[in-house]
Amino acid sequence: DQQVKQNSPSLSVQEGRISILNCDYTNSMFDYFLWYKKYPAEGPTFLISISSIKDKNEDGRFTVFLNKSAKHLSLHIVPSQPGDSAVYFCAASLYNAGNMLTFGGGTRLMVKP
Amino acid sequence: EPEVTQTPSHQVTQMGQEVILRCVPISNHLYFYWYRQILGQKVEFLVSFYNNEISEKSEIFDDQFSVERPDGSNFTLKIRSTKLEDSAMYFCATGTGPFQPQHFGDGTRLSIL
């Protein structure tokens, strides 16, 4: 099942710079997209989401961009902080399928001081 | 901040035995979900549950699996006769509705011997 893909398994960024995490999807029926952050031995923590009727949503240091024509989603973190170091998952939801989330494989972000 | 609570954190069970995983949702959440993550693989959807019935289930959620909300607070996942391949981290998630984020517990690590 490759409906949601995160092609970069890891990303290293200097503190204070921008982190850009990318996600691609294949199912044009997805109608809601989310980003989660995960630390070892914890569950995914919700960060930010976007409905398919929008192309941008911002919450503090986090901005999610949605390009429906390209079936591409990205998360921008500005400025990046060492505490942002974690694995980031994108997920896509289908309302007509019980709101089930389909997850990408994750990108490990390392923010260096 | 309210959180989803899962018990036990780790369950070790002999193959063929029944296991029940428990989840206490955030109090005003009415939508409930189970996901699992096999080591090294993506987080996978199992089932969604609303208004005391299953809304959607995946191919993984076969006759060996069941869910219920026995007392109006706990939300449980039962595996009737466990198999080695059921070994995984099982996450409960709850939410307030469609197009709203799902909030995850820290998971139960299930080890089948």
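Residues numbered from 1 in each chain as written. Chains lettered and ligands numbered in written order. Predicted model: local features only at pLDDT ≥ 70, side-chain atom pairs only at ≥ 80, totals over all residues. Heavy atoms only, no water.

A few words now on the environment of T13 of chain B. Residue and element names in this part refer to chain B. Structurally, T13 is set in strand β2 (residues 10–13). Using a relative accessible area of 7% as the deciding quantity, one classes T13 as buried. C-alpha separation for the pair T13 and L110, spaced 97 residues apart in sequence, amounts to 7.7 Å. Setting aside its immediate chain neighbours within four residues, T13 contacts E18, V19, T82, L110, S111, I112 and L113. Side-chain polar atoms of T13 contact the side chain of Q11, separated by 3.3 Å. (Helix = DSSP H or I, 4+ residues; strand = E, 2+ residues; numbered from the N terminus. Buried < 20%, exposed > 50% of the residue type's maximum accessible area, 1.4 Å probe, protein only. Contact = heavy atoms within 4.5 Å. Polar contact = N/O pair within 3.5 Å; in protein donor to acceptor, adjacent residues only side chain to side chain.)

Take a negative patch on the surface next. On the surface, E42 of chain A together with E1, E3 and D106 of chain B cluster together into a negatively charged patch. Its place among the elements puts E1 of chain B in the segment before β1 (5–7). (Patch = residues over 30% accessible without salt bridge, like charges linked within 9 Å, V, L, I, M, F, W, Y side chains within 5 Å. Areas by Shrake-Rupley, 256 points an atom, 1.4 Å probe, with all protein chains shown as cover. Salt bridge = Lys/Arg side-chain N within 4 Å of Asp/Glu carboxyl O. Lys, Arg positive; Asp, Glu negative; His and termini not counted. Charge placed at Lys NZ, Arg CZ, Asp CG, Glu CD.)

With that settled, consider the pattern of salt bridges. If the charged atoms of two oppositely charged side chains come close together, the side chains can form a pair. Tallied over the entire structure, the rule returns 3 salt bridges over all chains. The residue R61 of chain A makes a salt bridge to D84 of chain A at a minimum N-O spacing of 2.8 Å. With R61 of chain A in the loop between β6 (56–59) and β7 (62–67) and D84 of chain A in the loop between β8 (72–77) and β9 (86–94), this residue pair connects regions lying 23 residues apart in the sequence. The exposure class assigned to R61 of chain A is partly exposed, which follows from its relative accessible area of 21%. Measuring nitrogen to oxygen at the nearest pair gives 3.2 Å for the salt bridge that ties R36 of chain B to E44 of chain B. Judged by its relative accessible area of 9%, R36 of chain B is buried. Assessed through its relative accessible area of 24%, E44 of chain B is described here as partly exposed.

Next up on the list: the layout of surface pockets. Over the atoms rolls a probe the size of a water molecule, and in doing so it shows where empty space is left. What the largest pocket holds in volume is close to 580 Å³. Together, 25 residues line the largest pocket, and K38 of chain A together with Q37, L39, G40 and Q41 of chain B are the ones closest to its centre. Counting residues per element, the ones that place at least two in the lining of the largest pocket are β9 and β11 (107–112) of chain A together with β9 (88–95) and β11 (108–112) of chain B. Residue composition of the lining of the largest pocket, by class: 13 nonpolar, 8 polar and 4 charged. (1 Å grid on protein atoms, 1.4 Å probe; cavity = no way out; pocket = protein on both sides within 12 Å on 5 of 7 lines; lining within 4 Å. Points joined across faces, edges and corners; volume = space filled by probe spheres on them. Nonpolar A, V, L, I, M, F, W, Y, C, P; charged D, E, K, R; others polar.)

What follows covers the state of the cysteines. Counted according to the given criterion, the structure contains 2 disulfides over all chains. Each sulfur in the disulfide pair C23 of chain A and C90 of chain A lies 1.9 Å from the other. Where C23 of chain A bonds to C90 of chain A through sulfur, the torsion about that S-S bond is close to 65 degrees, and the disulfide is right-handed. Remark: C90 of chain A occurs in strand β9 and C23 of chain A occurs in strand β3 (residues 19–25); sequence separation between them is 67 residues. We classify C23 of chain A as buried; its relative accessible area is 2%. Classification of C90 of chain A as buried rests on a relative accessible area of 0%. The partner cysteine of C23 of chain B in its disulfide is C92 of chain B, sulfur to sulfur 2.0 Å. For the disulfide bridge between C23 of chain B and C92 of chain B, the dihedral angle about the S-S bond is near -60 degrees, and by the sign convention the bridge is left-handed. Placement of the pair is C23 of chain B in strand β3 (residues 19–24) and C92 of chain B in strand β9, with a sequence separation of 69 residues. Judged by relative accessible area, C92 of chain B falls into the buried class, the value being 0%. (Disulfide = S-S within 2.5 Å.)

Residue and element names in this part refer to chain B. For the coordinates displayed, the defined rule picks out 20 aromatic pairs over all chains. Pairing Y35 with F104 gives two aromatic rings, centres 5.3 Å apart and planes at 45 degrees, and the pair type is tilted. Taken together, the residues Y35 in strand β4 (residues 31–37) and F104 in strand β10 (residues 103–104) connect sequence positions 69 residues apart. Each member of the pair, Y35 as well as F104, carries the same accessibility label: buried. Residues F91 and F104 carry aromatic rings whose centres are separated by 6.4 Å and whose planes lie at 75 degrees to one another, so their mutual orientation is edge-to-face. Here the residue F91 occupies a position in strand β9, and F104 occupies one in strand β10, the gap between them amounting to 13 residues. Classification of F91 by relative accessible area gives buried; the value is 1%. (Phe/Tyr/Trp six-rings, centres within 6.5 Å; stacked < 30°, edge-to-face > 60°.)

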